[in-house]
Number of protein chains: 10
Amino acid sequence: MPDSRSLLEVFDNQYPQRDYKIEIVAPEFTSVCPKTGQPDYGTITIIYTPDKKCVELKSLKMYLQSYRNAGIFYENVTNAMMDDFTAVLQPRWMKIEAAFTPRGGISSKIIVQHASAV
Amino acid sequence: MPDSRSLLEVFDNQYPQRDYKIEIVAPEFTSVCPKTGQPDYGTITIIYTPDKKCVELKSLKMYLQSYRNAGIFYENVTNAMMDDFTAVLQPRWMKIEAAFTPRGGISSKIIVQHASAV
Amino acid sequence: MPDSRSLLEVFDNQYPQRDYKIEIVAPEFTSVCPKTGQPDYGTITIIYTPDKKCVELKSLKMYLQSYRNAGIFYENVTNAMMDDFTAVLQPRWMKIEAAFTPRGGISSKIIVQHASAV
Amino acid sequence: MPDSRSLLEVFDNQYPQRDYKIEIVAPEFTSVCPKTGQPDYGTITIIYTPDKKCVELKSLKMYLQSYRNAGIFYENVTNAMMDDFTAVLQPRWMKIEAAFTPRGGISSKIIVQHASAV
Amino acid sequence: MPDSRSLLEVFDNQYPQRDYKIEIVAPEFTSVCPKTGQPDYGTITIIYTPDKKCVELKSLKMYLQSYRNAGIFYENVTNAMMDDFTAVLQPRWMKIEAAFTPRGGISSKIIVQHASAV
Amino acid sequence: MPDSRSLLEVFDNQYPQRDYKIEIVAPEFTSVCPKTGQPDYGTITIIYTPDKKCVELKSLKMYLQSYRNAGIFYENVTNAMMDDFTAVLQPRWMKIEAAFTPRGGISSKIIVQHASAV
Amino acid sequence: MPDSRSLLEVFDNQYPQRDYKIEIVAPEFTSVCPKTGQPDYGTITIIYTPDKKCVELKSLKMYLQSYRNAGIFYENVTNAMMDDFTAVLQPRWMKIEAAFTPRGGISSKIIVQHASAV
Amino acid sequence: MPDSRSLLEVFDNQYPQRDYKIEIVAPEFTSVCPKTGQPDYGTITIIYTPDKKCVELKSLKMYLQSYRNAGIFYENVTNAMMDDFTAVLQPRWMKIEAAFTPRGGISSKIIVQHASAV
Amino acid sequence: MPDSRSLLEVFDNQYPQRDYKIEIVAPEFTSVCPKTGQPDYGTITIIYTPDKKCVELKSLKMYLQSYRNAGIFYENVTNAMMDDFTAVLQPRWMKIEAAFTPRGGISSKIIVQHASAV
Amino acid sequence: MPDSRSLLEVFDNQYPQRDYKIEIVAPEFTSVCPKTGQPDYGTITIIYTPDKKCVELKSLKMYLQSYRNAGIFYENVTNAMMDDFTAVLQPRWMKIEAAFTPRGGISSKIIVQHASAV
């Protein structure tokens, strides 16, 4: 797993008094299967309600690209992203969906959700 | 940010005794990224339950066009619109979705909701 | 506004002991904008739970056609329809959606709901 | 109305300990309008949670075909089906949707739901 | 019914502290109708919240292929799969949908759900 | 095979000096399989360049309905229609496509073309 | 048939040295059936290669609206449009397609083509 | 490769004086990869102009099912089908398309055409 | 009309010995109607066979953006682009399609083609 | 540019007496922009008529993956593929389409065709 978290940059949420949602769709995600060494492809969808911080989109692109040559399973990459985003953004609410293209006629989607302790 | 709010015109809601919804979809929104100077494009969807006032559609078109050459971030333009509409219309309930076209393979949507204090 | 209500004909609901729904979609609605004199076009969707009466479909077609050359705003035509249908049918529940085609790059939908006083 | 109910055959639900759903879509339904004598066409969707019995699919096909030359209104055919299925299957829960093709530019859907008395 | 259950392999859920979902879509399922001997075709969708174990995808493919020449009814194959998966994975929650292609103009879908006793 | 041809009515082509096309799509065709007695369903598409006569649409509907309870194979019904239409209309050019819904997982389309001897 | 031709306005083709195409789609056409008095609805598509003149779009809209309450058959309205456009524009090439919505489960399209005598 | 050809049955073309087309789509084809032993899935489309004989559809279904457990490559199965059909039917013209589902993120289609020597 | 042509940059075609095609789709084009001052929106599609030069994509983006606040008619903007591209690229063949969004319920597409004198 | 050509493996065309087509679609292609270092994504479609050799699909997958971290422009990667395939397969006819995802709101497709010298 790459040290991707440090790539994420944030900016101040200018409307913290409102609960609103930001939905980001990144259909060009690719990583590598740790068992076969073959590339995997998927679409990452991130939806969150920001608290004090929002993620800067260009740094998000760099973050996602850091997995390009990393060997990591579907379930783990999705959960690792959730760990990274909640650590850096501390959102009020967040959901990540990772939908991978078919392998052997079977396609998979991992769906992880987070709500702040407040 | 342009002084857009003054462009909005209203007319009297003729059925204030009913809670009903008005949904407006404007797929030809464009503004300018304040960081790169490049144009952004998106679809603005406004849904609201009017109280005493409804927004006049031609003035809404002018309002949206006032952002054409303004430099403003995704999150801010959506929240600013909500501020303008709630100030002018004082709706019972309102939701604004701003869905922007992909940049660097990543697309974004901002979703803001409002309910009157009553 | 035409005297359209008298065009609506009803027949006895033969299954009043059941709460069921009737959904009617009429994509060929047209009226005239009272401000510009230009024709408007839309799709009217009516969903209701009948009580004692159901609307006869041929009379409904005539009712909708009665607006063909009438000058009336989006919000008003939808609310006027709700007034007419609830007066004639006294349904247990009713919802009317009127989705109009784009004008100036902006499209509108009006959504009105009704529940009987019981 | 044909004596269709006797055509329905059942088999024992082999998993009565579970609440599960069976959804059946039959897009080739046709009957005759009793007023005009013209054929009507529609899609019948049946969803139910079986109790002790499930409907056998070939007999269901015969049941639906028994309406081919019968004159019956939209609302009545849907409610009559519900009467027949609940009498024969005694399901824990059942929903029938009958979506008919447009006549005079207007299309109709009838939606009937049932829950057992338990 | 084949002895398919023994084909399922599992791996440890690395994020048991989170309630998350895994959705698997397998559109290339085929079995044989026990009455007619004709092949059936369908799409199996499995969604679950893992507890201690996740299903390994290659073994899942082998599991589904074990039905290729087995004679089994729609309702039974779906419920048998639920029995197998819950026995092997003991998931916190699981849903299986089996959508079969049309026969005689009629298509069927079986939907089974499971929640752990906790 | 019913004596359907006599049901077709025509009217004078008012623009015989032009080669133009009339395309008619009738998605509600049904007949009966002569081998199994089961109903077949299909979409009939007729395209033609009229010479002196055009087909009247209401009579065409009656013509198509005359097959409702007739037992006839796919290939024959399409060729029989071509015989009837060319006898009655003597079009400059005509094409008939009959697309039938799947049976046993297999769907069929018959495509017949005609050009006048001139 | 209304005197619609006089409503068409033209402007000078600024690129007569090139053979290029202009395609115009008007999905909001409506006229009246002369037999039943019921409204018809359709989409008019006009494609042409201009010679000296192009049609002005606002006048085209007025031209199409002039049929709103006129009783005219499908074949005739399409051919009449071709007569009007070729008289006013004298295009090098022109094609008009008029696709009408279903009546009695049957939909129609009329396709007329024109090439200048040169 | 199974001895499938003997399964094909024919009937007399009743309209040999016309050149017409029969298009058959069979989306439920499956065979086995001879290298990996894994099942392949595809859609077989057959279009032909019959001469003296047409293929009987039920026998065609049996023919296609005979490949269910046969190990054969994409290119070979499509060409073998063409050999079988042209031997049995001697069509005036024939085209076979075999579109297989993705393997390793790559999908394949084989397209073979035949014209009689006349 | 802006002096846009000077914005176009080119690079050497590295495969001039082959006739191949480059297709570019730019759905975010906007200009201004010279009559009403209102913004127009459209999709520009450019297809060409390069000779010695290819257009650099970032400069093409700048070229298209130069029309953002320019008042120009549909027909003229498309033909002006063709003049600019053929002057700068001298392609062996080129086609430009400009498809504009609906105004007053009517949408337009301009299609211009060019072949080199060789 | 990687030395990819040596990765391509072939097998003997077993039906060289027939002109038939093989169409291969690979939607998971990715390479790197040599100017920006950013990844590009696209779909490669290869259609060819084999002569003596066909390309083996697993080796094709490896060939396409060899571009994963290579910096190469759209036009060059497509033409280089054509050079590689024609050198290794010597097909009778071949066409390659490379459709890349949008960058800066603009998407590109490169289309290269080849016919053998015979």
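Residues numbered from 1 in each chain as written. Chains lettered and ligands numbered in written order. Predicted model: local features only at pLDDT ≥ 70, side-chain atom pairs only at ≥ 80, totals over all residues. Heavy atoms only, no water.

Test applied: UniProt positions are given in the numbering used here, feature names are shortened, and annotations may be inferred rather than shown by experiment.
The name given to chain A in an unreviewed UniProt entry is NADPH-dependent 7-cyano-7-deazaguanine reductase, and the organism recorded there is Lacipirellula parvula. The record held by UniProt for chain A lists under Sequence similarities (unreviewed entry) the comment "Belongs to the GTP cyclohydrolase I family. QueF type 1 subfamily." Reading the Catalytic activity (unreviewed entry) entry of the UniProt record for chain A gives the comment "7-aminomethyl-7-carbaguanine + 2 NADP(+) = 7-cyano-7-carbaguanine + 2 NADPH + 3 H(+)".

## Observations concerning the state of the cysteines
Going by this rule: To count as a disulfide, a pair of cysteine sulfur atoms needs to be within 2.5 Å.
If you walk through the whole model with that rule in mind, you get zero disulfides over all chains. Not engaged in a disulfide, the cysteine C33(D) finds its nearest cysteine sulfur in C54(C); these two sulfurs lie 15 Å apart.

## With respect to the pairing of strand β5 (residues 93–103) of chain I
Residues and elements named next belong to chain I. Our working rule: When DSSP finds two or more bridges between two strands, those strands count as paired. The way it works is that DSSP assigns letters per residue, a run of H or I at least four long becomes a helix, a run of E at least two long becomes a strand, and they are numbered from the N terminus.
Taken together, the eight bridges between strand β3 (residues 39–49) and β5 define a ladder with antiparallel strand orientation. Bridged to I47 within β5 is K95. Looking at chain direction, β5 and strand β6 (residues 106–115) are connected through nine bridges and run antiparallel. Following the sheet pairing, A98 is matched in β6 by I110. Hairpin connection between β5 and β6: a loop of two residues separates the two successive antiparallel strands, and G104 in this loop has a positive phi of roughly 60°.

## Here we look at the UniProt feature "active site" (unreviewed entry) in chain A
All names here are of chain A. Rules: For this analysis, residues touch if any pair of their heavy atoms sits within 4.5 Å.
Under the present numbering, the feature "active site" (unreviewed entry) in UniProt falls on C33 and D40. Tracing the chain through its elements places C33 in the loop between β2 (20–32) and β3 (39–49). Aside from chain neighbours lying at most four places away, what touches C33 is Q38 and D40. Relative to the assigned elements, D40 resides in strand β3.

## Let's talk about the interface of chain A and chain B
The following threshold applies: Buried area: the accessible area, evaluated with a 1.4 Å probe, that two parts lose upon being put together, summed over both parts. Criterion for a salt bridge: a side-chain nitrogen of Lys or Arg within 4 Å of a carboxyl oxygen of Asp or Glu. Identification of polar contacts relies on pairs of N or O atoms within 3.5 Å, with a donor-acceptor requirement for protein atoms, meaning one able to donate a hydrogen and the other able to accept it, and with residues adjacent in sequence counted only if both atoms are side-chain atoms.
The interface is formed by 18 residues belonging to chain A together with 18 residues belonging to chain B. Roughly 1600 Å² is buried in total at the junction of chain A and chain B, and carbon and sulfur atoms are behind 51% of that figure. In terms of surface lost to chain B, no three residues of chain A exceed Y15(A), R18(A) and E23(A), which account for 35% of the buried area on that side. Taking the shortest distance from any N to any O, the salt bridge between R18(A) and D83(B) comes out at 2.5 Å. Taken together, chain A and chain B are joined by six residue pairs in polar contact (both at pLDDT 80 or more). Elements with a contribution of two residues or more to the side of chain A that touches chain B: β2 and α1 (57–65) of chain A. For the side of chain A that touches chain B, the element with the most residues is β2(A), which contributes nine residues.

## Let's talk about the pattern of salt bridges
Scanning the entire structure with this criterion turns up 100 salt bridges over all chains. For the salt bridge of K53(H) with D12(H), the shortest nitrogen-to-oxygen distance reads 2.6 Å. With a gap of 41 residues between them, K53(H) in strand β4 (residues 53–55) and D12(H) in strand β1 (residues 10–12) connect regions that are remote in the sequence. Ionic pairing is found between D84(J) and R5(J), a salt bridge with its closest N-O pair at 2.6 Å. Remark: R5(J) occurs in the segment before β1 (10–12) and D84(J) occurs in helix α2 (residues 74–89); sequence separation between them is 79 residues.

## Let's talk about helix α1 (residues 57–65) of chain E
Put simply, the rule reads: Partly exposed describes any residue whose relative accessible area lies between the buried limit of under 20% and the exposed limit of over 50%, with all areas from a 1.4 Å probe on protein chains only and scaled to the type maximum.
Among all positions of α1(E), only S59(E), L60(E), K61(E), Y63(E) and L64(E) are buried. Looking at the buried positions of α1(E), the neighbouring elements they touch are β6 (106–115) of chain A together with β2 (21–32), β3 (39–49), β4 (53–55) and α2 (74–89) of chain E. Its side-chain oxygen at 3.2 Å from the backbone nitrogen of K58(E), E56(E) defines the N-terminal cap of α1(E).

## Here we look at helix α2 (residues 74–89) of chain H
The cut-off we apply is this: To estimate the expected span of a helix, subtract one from its residue number and multiply by 1.5 Å.
Here α2(H) spans 22 Å end to end across 16 residues, near enough to the 22 Å set by a 1.5 Å rise per residue. Counting buried positions along α2(H) gives 13 out of 16 residues, so the element sits mostly inside the fold.

## Some points on the pairing of strand β3 (residues 39–49) of chain H
Counting buried positions along β3(H) gives 10 out of 11 residues, so the element sits mostly inside the fold. Between strand β2 (residues 21–32) of chain H and β3(H), which pair antiparallel one after the other, the connecting turn spans six residues, and G37(H) there sits at a positive phi close to 75°.

## Observations concerning the packing of aromatic side chains
Aromatic rings in a pair are described by how distant their centres are and how their planes are angled relative to each other. Applicable threshold: Each Phe, Tyr or Trp ring (for Trp, its six-membered ring) is paired with any other whose centre lies within 6.5 Å, and the angle between the two planes then decides the class: stacked below 30 degrees, edge-to-face above 60, tilted in between.
The final tally for this structure, using the stated rule, is 50 aromatic pairs over all chains. An angle of 55° between the planes, with centres 5.8 Å apart, marks the rings of F29(D) and Y67(D) as tilted. Here Y67(D) lies in the loop between α1 (57–65) and α2 (74–89) and F29(D) lies in strand β2 (residues 21–32), a separation of 38 residues in the sequence. Taking the relative accessible area as the measure of exposure, F29(D) reaches 2% and is therefore buried. Centroid distance Y63(F) to F85(F): 5.2 Å. Interplanar angle 55°. Geometry classified as tilted. Residue Y63(F) is located in helix α1 (residues 57–65), and its partner F85(F) is located in helix α2 (residues 74–89); the two are separated by 22 residues in the primary sequence. As far as the burial class goes, Y63(F) and F85(F) line up, both buried.

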